[in-house]
Amino acid sequence: MNQEIRVTNYPEVLTDRASHYCPGCHHGIAHRLVAEAITELGLVDKTILIGSIGCSVFIYNYLSLDAIESPHGRAPAVATGVKRARPDKIVFSYQGDGDLASIGMAEIMHCANRGENITTIFVNNTVYGMTGGQMAPTTLVGQKTTTCPGGRCRENEGMPIRMTEIIASLGGVAFAERVAVNNIKNIKKAQKAVTKAFECQTKEIGFSFVEVLATCPTNWRMTPIQANKRIETEMIPYFPLGNFKDVLAKEEK
Amino acid sequence: MPSRVEFREDRCKGCLLCTEVCPTGIIQQSNRFNQKGYKVAEVTAEMMTECKGCAFCAMICPDYAINVFKTESAKGGAA
């Protein structure tokens with residue numbers, strides 16, 4: 001007798017509701033990666049989510065976790081407080097590039113440098129998505145946004161910030177990796193990286209950081225498929241994928 | 001029918017990322033609109049026989065709109 005089995009098993013922690021994200025936005029995939037990682041590690045009941053400002057501000061609607069919404073950029077500071085008050089809980093912040101690399105630069109740097117035992121998922125789409133596509137610190141040179149209509153130029157605005165490299169150079173960091181979710185191969189790698197980041201936190205060895213390169217088809221003025229291709233052609237050459245720090249792997253050796 | 005995919009048409013936003021990753025290329029844009037006005041993705045009944053059940057489409061779908069089912073025979077191996 002033939003039996004039909006369901007291949008797709010969406011984790012329970014992902015709520016069953018339509019998201020507010022634009023078609024083709026990678027936030028949905030990043031949410032699922034986080035949900036799968038904490039489900040796999042059995043951390044669902046003790047995870048506290050620190051939301052940030054940006055398109056992902058409503059993440060508490062899509063992940064059924066205890067959540068705190070923090071002021072713009074201050075998610076790592078709020079996460080520090082939560083983790084110090086409840087060291088038995090797993091605490092992670094989910095931030096965009098406008099939030100983490102711009103207004104929240106001080107918080108993330110010091111949080112990472114202190115080696116706070118939290119995890120940060122950083123979704124980099126090179127633009128301020130929610131507010132209407134303004135230039136972010138990660139906007140690529142030549143990319144047109146509403147605040148640099150002629151394209152970002154190096155002379156005036158400088159080069160885009162590579163966050164993962166900076167974070168990896170800090171002392172308190174246990175894990176730093178940049179991943180993309182534009183194709184299946186990269187999604188599988190991203191899944192492993194997110195799981196490892198949470199694993200680092202369970203082992204209490206320091207700050208863990210995962211940068212996810214994501215699309216913003218609406219503000220890039222592209223179709224979702226074109227935007228997905230841009231990750232490969234423009235973003236990955238400037239933001240190289242890979243692991244920049246992994247204390248856990250070093251210890252195993 | 002060895003495998004099949006099911007689209008939740010109320011959730012599909014017609015981004016068509018699934019069409020890019022399908023190794024057999026059987027997913028396409030339909031002519032139907034859902035309630036929100038997105039042209040949803042579909043696999044026609046004839047094309048469905050080619051589905052391998054790899055679930056790549058579900059893996060890249062940002063809106064969790066795809067469910068994949070696989071049928072295996074009692075002896076193991078795909079039917």
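Residues numbered from 1 in each chain as written. Chains lettered and ligands numbered in written order. Predicted model: local features only at pLDDT ≥ 70, side-chain atom pairs only at ≥ 80, totals over all residues. Heavy atoms only, no water.

(A) Structural detail: the sheet that holds strand 10 (residues 242-246) of chain A. Residue and element names in this part refer to chain A. Read across the open sheet, the seven strands follow the order 3-2-4-5-9-8-10; overall the sheet is mixed. Unpaired on one side and paired on the other, strand 3 (66-69) and strand 10 mark the two borders of the sheet. The sheet shows a mean angle of 15 degrees between the axes of neighbouring strands, direction not considered. Contacts from helix 1 (residues 27-40) reach strand 2 (47-51), strand 4 (90-96) and strand 5 (119-124), with the element oriented near 170 degrees to strand 4. Sitting on the sheet, helix 9 (residues 224-238) is in contact with strand 5, strand 8 (173-180) and strand 9 (207-213), with an inclination near 135 degrees to strand 9. (Pairing = 2+ DSSP bridges. Helix = DSSP H or I, 4+ residues; strand = E, 2+ residues; numbered from the N terminus. Axes fitted to C-alpha atoms, helices over the stretch in contact; angles between N-to-C directions. Contact = heavy atoms within 4.5 Å.)

(B) Representation of the packing of helix 1 of chain A against helix 8 (residues 184-202) of chain A in the model. All names here are of chain A. Across the interface, helix 1 lies against helix 8 with an axial gap of 9 Å and an inter-helix angle of 50 degrees. As the angle between them shows, helix 1 and helix 8 are arranged oblique. Crossing handedness for the pair helix 1 and helix 8: right-handed. Every residue of helix 8 that contacts helix 1 at I29, R32, L33, V34, E36, A37, I38 and E40 is listed here: I187, A190, Q191, V194, T195 and F198. Class assignment for the residues of the contact of helix 1 with helix 8 results in nine nonpolar, two polar and three charged. (Parallel < 35°, antiparallel > 145°, perpendicular 65-115°, else oblique. Left-handed = near helix turned anticlockwise from the far one by under 90°. Nonpolar A, V, L, I, M, F, W, Y, C, P; charged D, E, K, R; others polar.)

(C) Just the environment of I231 of chain A, in detail. Residues and elements named next belong to chain A. With respect to the helices and strands, the residue I231 is situated in helix 9. Residue class for I231 comes out buried when judged on its relative accessible area of 0%. When the C-alpha positions of I231 and A193 are compared, they lie 18 Å apart, and in sequence the two are 38 residues distant. (Buried < 20%, exposed > 50% of the residue type's maximum accessible area, 1.4 Å probe, protein only.)

(D) Broad picture of the interface of chain B and chain A. Across the contact, 32 residues belong to chain B and 35 residues belong to chain A. Approximately 2,700 Å² of surface area, both sides summed, lies buried where chain B meets chain A, with 57% of it carried by carbon and sulfur atoms. Of all residues in chain B, the largest losses of buried area upon contact with chain A belong to K13, M59 and Y64 of chain B, amounting jointly to 23% of the total for that side. At the junction of chain B and chain A, the tally comes to four salt bridges. Put simply, R8 of chain B and D16 of chain A hold a salt bridge, and the shortest N to O gap is 3.0 Å. Viewed at the interface, chain A and chain B are joined by 15 residue pairs in polar contact (both at pLDDT 80 or more). (Buried area = accessible area lost by both parts, 1.4 Å probe. Salt bridge = Lys/Arg side-chain N within 4 Å of Asp/Glu carboxyl O. Polar contact = N/O pair within 3.5 Å; in protein donor to acceptor, adjacent residues only side chain to side chain.)

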